[in-house]
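Here's the letter readout for the chains.
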Amino acid sequence: MTTDTKQDKLEQHSFQAEVTQLLDLVVHSLYTNKEIFVRELVSNASDALEKLRHTQLTEKEIFDESLELEINLTTDDTAGTVTIQDFGVGMTREELIENLGTIAHSGSKAFLQALKEGSAPVSDLIGQFGVGFYSAFMVAKEVKVYTHSWKNEGEHLVWSSDGTGSYQIETVEGQRRGCKIVVQLKEEDKDFSKADTVRDILTRYSSFVQFPINLNGERVNKVQALWLRGKNEIKEEEYTEFYKFQAKAFDEPLTRLHFAADAPLAINALLFVPKTNMEKMGFMREEAAVSLYCRKVLIDAKPDGLLPDWLRFLKGVVDSADLPLNISRETMQDSALVKKLNKLLTRRFLKHLENMAKKNSEDFLGFYENFNAFLKEGITTDFAHREQLSKLLRYESSTTDKGKLTNIAEYVERMKEDQKEIYYYFASNRDVIEAGPYLEAFKANNLEVLYLYEPVDEFVMSHLHEFDGKTLVSADQSEIQLDTATENESEPLSHEEENKLCEWINEQLGERVGKVTGSKRLVDSPAIVLNADKMISPTMRRMMKAMQQDVAANPTVNLEINLRHPLVKNLYSLIEAEADLANQVTQQIYDTALVAAGFNEDPRSMVDRIYTLLEKLTTR
Ligand code: ADP
Ligand code: MG
């Protein structure tokens, strides 16, 4: 930050460009929900008290040691002010500049973007993106922040600004520890200097704050830890209100899990799944947001390692009486206790999803539609929970209707007696899969195939490898042995003709192909390419290439030809009569089969050949 002028005691600073931009939007937009500035300032006061409580655990020298950990609001409707005071950590001069003059975290850009797009009301976005302090400028002519840091050597300061490009910092002797924020209201917002208005706002938004809140000397909140109370005594609205408070959300949660356990750990947990998946909406990666408490005292609001990474969409609170109060962020992740908590919470939450799927399948499908990417991430990254997660997977299949999902356990129940493997096939959608050649033999043999539409699903299958002891196999695997398809009754080429044709095709295609054989699995299509590489499917190959990984340019594929197909039979007669044309037809059959398999990596030579063939066809 630049210091524009420096007089004896007064410093003039200009806001970071992003802040000016943000304030400009905040000051000049129209709001329906200005009152949330109270919530934001109270929530900052509460954060500051929480930090102080932590600081007290390790620091001996605390300024104004004897002050209570509480929040005091005062209103003055003659002066048109509302004041929020806390005895928290306060701020030094550097901290004032850093915290109230810049937006440090990465969220600010996303916030400005969301604001400009108008995707949600400003009041909803402010808390979510951690720019709450600036919301005071929705109603303020001027904001003053009187402060003294918990550090003894800190100065007595006042920060002030009218929300346009700059702010001032002055020294003013006689400050208590913490912050006292005086909001000088605009004429049209004077209502917020009335006690009744503010009391009403506090009951609506701040009843879950874990410190006493007083309004003009009178206590307004009961400090309560909802998560420690019995499920039966909690009303639905209380849960919803708590969720909104805790998750900074403005709608209801999609589902919640509230439970208590004594063994192996004493724990009370209240977890929520939000309605929307912010990552799917294109917002930044979610951060851990399940707070860790020990007997109502906040240990860490965003503890890493309390839950596996793939559960980062969860909100809520976990309270464990077994945790040491002074556990630090650094030791948290390695702590054996936290690992135990992680295991217990993950198991319970997965169990909750399983129950939901059983008892309330519609709700579960709603959850699945929004959050399946996280479950799939779990399967590919979290070995310990892979099996439990695999039960939650849902896919369309050749036996479901379009848009209806089945799970793999149900698939297993439907398996034919002699069927040993579970089949799946990946393509962009149902029509592509059903129109392609891969399903023909499975259909003819009455074998179910799961339909995968997301590239990540192939990774999921290869990580899972098996389900219920049965191997998961892609329908384009060369090694699958299928019975002869019988629907097409026309006479096939003889065994001798087959050998001759296959050998000839092999010569024409040379290095482009692996093995060439007569097919048992084809009904209507003349040919099919099969993946000889068990590990890497066409999609995976494309993704690996996109990630600049080293994969062979051309996959090893085998070609199978349909010995009953007229085109193949014609080709056989052509190899002696018109070898040149037969070669081009062969190349084209092969390329077309590659396209059907998703291997069309270089279509140029194919395009030229199609024109040549068309020309031949039309000059006859
Ligand atoms: P957030 O609370 O999400 O960090 P805010 O815009 O609400 O974002 O606040 C910005 C920062 O200003 C806080 O992170 C904190 O460091 C500082 N701050 C705000 N209010 C107080 C306060 N009452 N006491 C101490 N620090 C505060
Ligand atoms: Mg805040």
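Here's what I pulled together on the structure shown here. (Residues numbered from 1 in each chain as written. Chains lettered and ligands numbered in written order. Predicted model: local features only at pLDDT ≥ 70, side-chain atom pairs only at ≥ 80, totals over all residues. Heavy atoms only, no water.)

1. Thoughts on the overall build of the protein chain
On a plain count of helices and strands, the protein chain comes out with 20 helices and 23 strands. By the compact-globule yardstick of 25 Å for 620 residues, the protein chain is too spread out, its C-alpha radius of gyration being 33 Å. With respect to the principal axes defined by its C-alpha atoms, the protein chain has extents near 105 × 55 × 40 Å. A total of 620 residues make up the protein chain; the buried ones form 52% of that total. Pairs at least 24 apart in sequence give 71% of the contacts found in the protein chain among residues at least 6 apart. When the 73 basic and 101 acidic side-chain charges of the protein chain are each reduced to a single mean position, those positions are 3 Å apart. (Helix = DSSP H or I, 4+ residues; strand = E, 2+ residues; numbered from the N terminus. Rg over C-alpha atoms; globule rule 2.2 N^0.38 Å. Buried < 20%, exposed > 50% of the residue type's maximum accessible area, 1.4 Å probe, protein only. Contact = heavy atoms within 4.5 Å. Lys, Arg positive; Asp, Glu negative; His and termini not counted. Charge placed at Lys NZ, Arg CZ, Asp CG, Glu CD.)

2. Structural notes on the pattern of salt bridges
What the rule picks out here adds up to 29 salt bridges. For Arg204, the salt bridge goes to Glu35, with nearest N and O atoms at 2.7 Å. Remark: Glu35 occurs in the loop between α1 (17–28) and α2 (36–58) and Arg204 occurs in helix α6 (residues 195–205); sequence separation between them is 169 residues. For Arg204, a relative accessible area of 39% gives the class partly exposed. Since its relative accessible area comes to 16%, Glu35 is described here as buried. Two residues, Arg229 and Glu238, come together in a salt bridge whose shortest N-O distance is 3.2 Å. Salt bridges sharing partners connect three or more residues here, namely Glu11, Arg93 and Glu155. (Salt bridge = Lys/Arg side-chain N within 4 Å of Asp/Glu carboxyl O.)

3. Looking at the packing of aromatic side chains
In this description, an aromatic ring pair is defined by two values, namely the gap between the centres and the angle between the planes. A full pass over the atoms with the stated rule returns 22 aromatic pairs. Note on Phe367 and Phe371: the rings are 5.4 Å apart at their centroids and 15° apart in plane angle, and the pair reads as stacked. Separated by 4 residues within a single helix, Phe367 and Phe371 lie in helix α10 (residues 361–381), roughly one turn from each other. The burial state of Phe367 is the same as that of Phe371; both residues are buried. Ring pairs connect the aromatic residues Phe208, Trp227, Phe242, Tyr243, Phe245, Phe272 and Tyr293, which therefore count as one cluster. The side chain of Arg39 reaches across the aromatic face of Tyr205, ending 5.4 Å from its centre. The ring of Phe259 has Arg348 sitting right over it, with the charged end atom 4.2 Å from the ring centre. (Phe/Tyr/Trp six-rings, centres within 6.5 Å; stacked < 30°, edge-to-face > 60°. Lys NZ or Arg CZ within 6 Å of the ring centre and 35° of its normal.)

4. A few points about the packing of helix α9 (residues 336–359) against α10
Running from N to C, α9 and α10 cross one another at 140°; their axes reach a closest spacing of 8 Å. Classified by the angle their axes make, α9 and α10 are oblique. In this structure, the crossing between α9 and α10 has a hand that is left-handed. Listed contacts from α10 to Leu353, Met356, Ala357 and Lys359 of α9 are Ser361, Asp363, Phe364, Phe367 and Leu375. (Axes fitted to C-alpha atoms, helices over the stretch in contact; angles between N-to-C directions. Parallel < 35°, antiparallel > 145°, perpendicular 65-115°, else oblique. Left-handed = near helix turned anticlockwise from the far one by under 90°.)

5. Examining unusual backbone geometry
Residue Pro264 is bonded to the preceding Ala263 through a cis peptide linkage, with omega at 0°. Residue position: Pro264 is located in the loop between β11 (255–261) and β12 (267–273). Positive phi values are uncommon outside glycine, yet Asn216 reaches one of about 45°. Note that Asn216 resides in the loop between β9 (213–215) and β10 (218–219). Among the residues examined, Asn216 registers a relative accessible area of 38% and is labelled partly exposed. Of note, the phi angle at Lys248 is positive, near 55°, even though the residue is not glycine.

6. Quick look at helix α15 (residues 455–464)
Listed as buried for α15 are Asp457, Glu458, Val460, Met461 and Leu464. Considered in projection along α15, the buried side chains sweep an arc of 160° and stay on one side of the axis. Phi for His465, located one or two positions after α15, is positive at around 65°. (Arc of directions from axis to C-beta.)

7. Quick look at the sheet that holds β11
Strand order in this open sheet of 5 strands is β11-β12-β15-β13-β14, and the pairing throughout is mixed. At either end of the open sheet lies a strand with only one pairing partner, and these are β11 and β14 (297–300). With direction set aside, neighbouring strand axes in the sheet form an average angle of 20°. The pairing of β11 with β12 spans 7 bridges and is classified as antiparallel. Along β12, the bridge assignment pairs Ala261 with Ile267. (Pairing = 2+ DSSP bridges.)

8. Examining a nonpolar patch on the surface
On the surface, Val607, Ile610, Tyr611, Leu614 and Leu617 cluster together into a nonpolar patch covering about 490 Å² of accessible area. On the secondary structure map, Tyr611 appears in helix α20 (residues 604–619). With a relative accessible area of 57%, Tyr611 lands in the exposed category. (Patch = residues over 30% accessible without salt bridge, like charges linked within 9 Å, V, L, I, M, F, W, Y side chains within 5 Å. Areas by Shrake-Rupley, 256 points an atom, 1.4 Å probe, with all protein chains shown as cover.)

9. Here's the deal with the nonpolar core
In terms of nonpolar packing, the biggest core is built from 100 residues, with Val318, Val529 and Leu559 touching the most fellow members. In this structure Val529 touches Tyr438, Val557, Asn558, Leu559, Tyr590, Ala593, Leu594, Ala597 and Phe599, once residues within four positions along its chain are discounted. Counting residues in each nonpolar core, the second largest holds 63 residues, with Leu22, Leu41, Met91 and Leu96 among its members. (Core = buried A, V, L, I, M, F, W, Y, C linked by side-chain atoms within 4.5 Å.)

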